[in-house]
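Per-entry structural report
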Amino acid sequence: MKKRKLRSQDWFAIKGRQGFEHRSNMRGLGLPDSTFDGRPIIGICNVWSEFNPCDAGQRDLIGHVKSGVLEAGGIPLEFPAPAIGEPIMRPSPLMFRNLTSMVVEELIRANPIDGVVLLAGCDKTTPALLMGALSCDIPLIVVSSGPKINATFRGETLGSGTHIWQSEQDASAGTMSHADVAASEAAHSRSHGTCMTMGTASTMASIVEAMGLSLEYNSCIPAPDVRRALLARHSGRAIVQGVNDDRRPSTFLTRQSFENAIRTVAAIGGSSNAVIHLQAIAGRAKIPLTLDDWNTLGRDIPCLVDLMPAGRFLMDDFYGAGGLSVVIKRLVDQNLFDAQEMTVLGEPLAARLPSAKCFNNEVIRTFDNPVSPQGGLAVLKGNLAPDGAIIKPAAASTRLLKHKGKAIVFDDIKDYMEAASSETFDVSADDIMIIRNCGLKGYPGMPEVANACVPQKLLKEGVNDIIRISDARMSGTAFGSVILHVSPEAAVGGPLALVKNGDMIDVNVEQGSLNLLVSAEELKEREQALSMSRRDDDEASGYKSLFMNHVLQPDRGADFDFLLGQRGADTPREST
């Protein structure tokens, strides 16, 4: 294969003052003459931050990536991107995903980078870095931070996030003391790394691996495990070869790659947040993908991976059982995965399958013994969600998948939490909680509040789940009968804004419907009244203003309208 001219040569191979200046300044790093003789310059993009312990191990991984790059004849140069820490950032980390993607895109374009290693981890960082790099369409490879090691507390296995929600619910029900909840805090995080449940971070790392954008086992090797360091080193070697072969994402990512990803999310019991992120990634890759694809491709695929929150085990157990390649092999055997799709190594995913062997059929189930018959995410549509809403059936109560109930409406998550903590809250197990104005523009940033706690009154009656409907998101580590991502959101005049206390709502997951049982005429009158009372938020400035004016709704990935598609990485003009 004919080698492509390296982008970096437009900086370092030119004559005159500009070339002199570029080379001279880079020599300040102690780089030798051979740096400028046509070797690939590999950018190592990381999101390390002390505000995000999930990715604290990236500093060590960078050294291993650099060793691999040097061994393969490349020049590794590190550059940072804004960290997006799920547990810490306010008002919501999703608000800043697009910001990080913009920074990554522009830094790649503005610097002499021939290929890039994306050191991602906590939830939003994987899609953010991938979106930015895909917009430039240069050779790339993803190295994830990896999940924490397994945790226990007083003999019980703990799952990141999952047991936080469970502990909160148990404390409200009076079955766990607040002192025990406090004592368990340190036990949840025994090491650096992302959530060791099948939350959003592990789901996105699995998507990356299923799409061939990383090496095998990237999704599940625990963060402190020395084998993750070895994976980082091999990834450094691989990206240099990818540059030499001009292996850009546009040369191997296809519609089928995304179909494989959707089916993988179903089989692993993945996070509902994967919908938003994969929609956004597809938009950058110029691959058509809609919410309906999630129904037609993934909904009826059984969940094979018995991990929290849908199951019992954790990511270290998943790795020990054989990892994602075992899941892919089982999907391939059922003609549900196209393993001929290519990878960053220039070989098909099928090359990984001969060595795929399951060492624990309890952790990675077979098709005749699944964790649940439907692992996929269900898309609901109707007059309450014209552009779609999402529910994770495997995490919901069977009795609530077909249900009619009375709406109790909350315009703010704080109002709901106050009511839910009151033992005098007038609520029954059949009622449906509406939590609105928590979407992309309403909050802003679409926080993970849709899985708000079950009212304390019901918990003490032994009711541990009710239907909650919201334009917010929920944590990938959470569980419950939660209908989320309602689109359009209430803040932009979506039908969720029209619901009143006492309205009846019909949920039918099997039929894929979500309807407000109010006449069209009544809804039109409510809409007119709402339009007259609505006023625009004129206080937004800076990045918030950019976000509010350009963010697309969740069914389109919550990306900015001006960022869709690939713009390439043409070298910027030289100054004169």
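Note that the structure is predicted; figures quoted are calculated from it, not measured. (Residues numbered from 1 in each chain as written. Predicted model: local features only at pLDDT ≥ 70, side-chain atom pairs only at ≥ 80, totals over all residues. Heavy atoms only, no water.)

1. Digging into the environment of Asp506
Among the structural elements, Asp506 can be located in strand 13 (residues 504-508). Sequence-wise, Asp506 and Leu516 are 10 residues apart; in three dimensions their C-alpha atoms are separated by 6.5 Å. Excluding anything up to four places from it in sequence, Asp506 contacts His403, Lys404, Ser513, Leu514, Asn515 and Leu517. (Helix = DSSP H or I, 4+ residues; strand = E, 2+ residues; numbered from the N terminus. Contact = heavy atoms within 4.5 Å.)

2. Quick notes on the pattern of salt bridges
Tallying each qualifying case throughout the model produces 31 salt bridges. The salt bridge partner of Glu106 is Arg109, with a shortest N-O separation of 3.2 Å. Of the two residues, Glu106 and Arg109 both sit in helix 4 (residues 94-110), 3 residues apart, roughly one turn of that helix. Given a relative accessible area of 15%, Arg109 falls into the buried group. (Salt bridge = Lys/Arg side-chain N within 4 Å of Asp/Glu carboxyl O. Buried < 20%, exposed > 50% of the residue type's maximum accessible area, 1.4 Å probe, protein only.)

3. Remarks on the sheet that holds strand 4 (residues 140-144)
Across the sheet, 4 strands lie side by side as 2-1-3-4; this open sheet has parallel pairing. Among the strands making up the open sheet, the edge pair consists of strand 2 (75-80) and strand 4. Looking at each pair of strands side by side, their axes are set apart by 20° on average, direction ignored. Of the strand pairs in this sheet, strand 1 (residues 41-46) and strand 3 (residues 115-120) are connected by 5 bridges, and their pairing is parallel. Looking at the pairing, Cys45 lines up with Leu118 of strand 3. On the sheet, helix 9 (residues 226-244) packs against strand 1, strand 3 and strand 4 and is oriented at approximately 175° with respect to strand 4. (Pairing = 2+ DSSP bridges. Axes fitted to C-alpha atoms, helices over the stretch in contact; angles between N-to-C directions.)

4. A look at the packing of helix 10 (residues 255-268) against helix 12 (residues 291-298)
One way to put it is that helix 10 packs onto helix 12 with a least axis distance of 9 Å and a crossing angle of 65°. By the angle between their axes, helix 10 is roughly perpendicular relative to helix 12. Seen along the crossing, helix 10 lies across helix 12 with a hand that is right-handed. When helix 10 is examined against helix 12, the residues Arg255, Glu259, Ile262, Arg263, Val265 and Ala266 are found in contact with a partner set consisting of Asp293, Trp294, Leu297 and Gly298. (Parallel < 35°, antiparallel > 145°, perpendicular 65-115°, else oblique. Left-handed = near helix turned anticlockwise from the far one by under 90°.)

5. Some remarks on the environment of Ile108
Counting through the fold element by element, Ile108 comes out in helix 4. Through-space distance from the C-alpha of Ile108 to that of Cys136 is 7.4 Å; in sequence the pair is 28 residues apart. Beyond its immediate sequence surroundings of up to four residues, Ile108 is in contact with Arg7, Phe79, Ile113, Val116, Ala133, Cys136 and Ile138.

6. Here we look at the nonpolar core
Core analysis: the biggest nonpolar cluster contains 101 residues, and Val116, Trp294 and Phe318 have the highest contact counts within it. Setting aside residues up to four positions removed in sequence, Trp294 forms contacts with Ile262, Val265, Ala274, Val275, Leu278, Gln279, Arg299, Leu377 and Val379. By size, the runner-up hydrophobic cluster in this structure holds 28 residues, among which are Ala396, Val409, Ala497 and Val499. (Core = buried A, V, L, I, M, F, W, Y, C linked by side-chain atoms within 4.5 Å.)

7. Quick notes on the packing of aromatic side chains
Counting across every chain of the model gives 9 aromatic pairs. Their ring planes at 85° and their centres at 5.1 Å tell us that Phe410 and Tyr416 sit as a pair that is edge-to-face. Summarising the burial analysis for this pair, Phe410 and Tyr416 share the class buried. Plain terms: the ring middles of Tyr543 and Phe560 are 6.1 Å apart, the flat faces sit at 55° to each other, and that makes the pair tilted. Taken as a pair, Tyr543 in helix 18 (residues 542-550) and Phe560 in the segment after helix 18 lie far apart in primary sequence, 17 residues in all. By relative accessible area, which is 0% here, Phe560 ends up buried. Here a set of aromatic residues connected by ring pairs shows up, and it is made of Phe96, Tyr543, Phe547, Phe560 and Phe562. The residue whose ring lies beneath Arg59 is Trp48, and the NZ or CZ to ring-centre distance is 3.7 Å. (Phe/Tyr/Trp six-rings, centres within 6.5 Å; stacked < 30°, edge-to-face > 60°. Lys NZ or Arg CZ within 6 Å of the ring centre and 35° of its normal.)

8. Description of the environment of Trp294
Locating Trp294 in the fold gives a position in helix 12. Distance in space between the C-alpha atoms of Trp294 and Val275 is 8.0 Å, their sequence separation being 19 residues.

9. Focus on unusual backbone geometry
Here Met308 and Pro309 are connected by a cis peptide whose omega angle stands at 10°. If you trace the backbone, Pro309 turns up in the loop between helix 12 and helix 13 (315-321). Residue Pro444 is bonded to the preceding Tyr443 through a cis peptide linkage, with omega at 0°. Within the secondary structure layout, Pro444 lies in the loop between strand 10 (432-435) and helix 16 (456-460). The residue Asn335 is not glycine, and still its phi comes out positive at about 60°. In this structure, Asn335 sits in the loop between helix 14 (324-333) and strand 7 (378-382). A positive phi angle, close to 60°, is found at Ala558, a residue other than glycine. On the secondary structure map, Ala558 appears in the segment after helix 18.

None of this, on its own, says anything about what the molecule does.
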